[in-house]
Amino acid sequence: MSEILCRGLVRIFATDGVEVQALQGLDLVVEAGDLVAVVGASGSGKSTLLGILSGLDTPTGGSAVVAGTDLLTMGRRDRVTYQRRTVGFVWQQTSRNLLPYLTAAENVRLVLDLGGGSRSERAERTAELLDLLQVADVADRYPAEMSGGQQQRVAIAVAVANRPRVLLADEPTGELDEATSADVLEALRAVNAATGTTTLIVTHDPAVSEHVARTVQIRDGRTSTEVLRRTATDADGVQRDVAEEFAVLDRVGRLQLPHDVVETLELRDRVRLRLRDDHVQVRPDRDPTGERQ
Ligand SMILES: Nc1ncnc2c1ncn2[C@@H]1O[C@H](COP(=O)(O)OP(=O)(O)OP(=O)(O)O)[C@@H](O)[C@H]1O
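Since we're looking at a predicted model, the values are computed, not measured.

1. What about the sheet that holds strand E5 (residues 69-70)?
(1) Moving on: Pairing within the open sheet is antiparallel, and its four strands lie in the order E2-E1-E4-E5. Every interior strand has two partners, whereas the edge strands, strand E2 (18-31) and E5, have only one.

2. Points about a nonpolar patch on the surface
(1) Moving on: A cluster of nonpolar side chains, contributed by Val-271, Leu-273, Leu-275 and Val-280, occupies part of the molecular surface with about 420 Å² of accessible area.
(2) Moving on: Inspection of the secondary structure assignment puts Val-271 in strand E12 (residues 271-275).

3. Considering the pattern of salt bridges
(1) Moving on: All chains considered together, the criterion is met by eleven salt bridges.
(2) Moving on: Linking Arg-214 and Glu-226 is a salt bridge whose minimum nitrogen-to-oxygen distance equals 2.8 Å. With Arg-214 in strand E9 (residues 214-219) and Glu-226 in strand E10 (residues 222-233), this pair connects stretches of sequence that are twelve residues apart.
(3) Moving on: On the accessibility criterion, Glu-226 (15% relative accessible area) is buried.
(4) Moving on: Three or more residues joined by partner-sharing salt bridges are found here, namely Arg-270, Arg-272 and Asp-285.

4. Overview of the packing of aromatic side chains
(1) Moving on: Under the defined criterion, the tally for this structure stands at one aromatic pair.
(2) Moving on: Consider the rings of Phe-89 and Trp-91, whose centres lie 5.2 Å apart with planes at 15 degrees: the pair is stacked.
(3) Moving on: Sitting over the face of the ring of Trp-91, Arg-96 holds its NZ or CZ atom 4.0 Å from the ring centroid.

5. Some points on helix H2 (residues 76-86)
(1) Moving on: For H2, the complete set of buried residues consists of Arg-79, Tyr-82 and Thr-86. One side of H2 holds all its buried residues, which, seen down the axis, span an arc of 85 degrees. For H2, the exposed residues set more than 90 degrees away from the buried face come down to Arg-76, Arg-77 and Arg-84.
(2) Moving on: Its buried side turned inward, H2 meets helix H1 (46-53), strand E4 (61-66), E5, strand E6 (87-90) and strand E7 (166-170).

Reading the values: rules and limits
Residues numbered from 1 in each chain as written. Predicted model: local features only at pLDDT ≥ 70, side-chain atom pairs only at ≥ 80, totals over all residues. Heavy atoms only, no water. Pairing = 2+ DSSP bridges. Helix = DSSP H or I, 4+ residues; strand = E, 2+ residues; numbered from the N terminus. Patch = residues over 30% accessible without salt bridge, like charges linked within 9 Å, V, L, I, M, F, W, Y side chains within 5 Å. Areas by Shrake-Rupley, 256 points an atom, 1.4 Å probe, with all protein chains shown as cover. Salt bridge = Lys/Arg side-chain N within 4 Å of Asp/Glu carboxyl O. Buried < 20%, exposed > 50% of the residue type's maximum accessible area, 1.4 Å probe, protein only. Phe/Tyr/Trp six-rings, centres within 6.5 Å; stacked < 30°, edge-to-face > 60°. Lys NZ or Arg CZ within 6 Å of the ring centre and 35° of its normal. Arc of directions from axis to C-beta. Contact = heavy atoms within 4.5 Å.

Shown next, in the form of structure tokens:
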């Protein structure tokens, strides 16, 4: 079942009479329980997508359905319920994720207190979550007394405390060094595996693809390519990680060629397509002497 389903998503911002198409017909399908990274250069539309998926912003057109909620038609009350119950967030700024005057355990418990359950059940779940995120040792510390990585791990515990269907992380490693970033991405992977929460990580850091099975690249407000990573066993029985890059075909058959392919073959304006037995050939629009036609 698809937990995140975006079809032809469009978001146009209009400021002082100037229109910016931040999302230009984006397609994205994420199955329930999957962990997916969305990467892209600055300005490609990542934050805009996350703003929509988190219910903070409304798309201009297309469709977006998350955990059965239609984000284009939901009313004000539905929006509040959606933000409280359906989705959990981890933001880039470590300070935005946790209340500074509460300890790690109190930050988690605060979310559980809103959800009900007995006192002992809540205490047990707090301990369980801090254990899962490997931050049980800082349970009684305030955010200012924790490292950036520890704060983000506690933030993940807080984000999944009320068992959201979908976890959204916006540049969760943006303020961290490389080693700590890897730890936090592994923590997200562990939570995804343990709880089955559908997880979407948005980042400009291409290194994220080493930690997730699927990385979707956004370019100019559209999904352009995907990297799928899987473990394969070679002829000698040795297991290794295999990463394969795919171009994404949208519903009407549009394909965005990767930038390096376009540059290398100097593809411009028009290209020649030829249908072969089992593939399609794309060639520059040049005659055999190399001149453009
Ligand atoms: N509120 C807004 N008003 C006007 N234009 C906006 C607004 N928000 C985003 N944009 C524009 O939309 C485009 C996509 O921006 P977005 O922030 O989604 O990109 P991004 O991939 O998240 O970039 P970054 O990695 O720098 O955060 C950009 O051209 C940006 O200037």
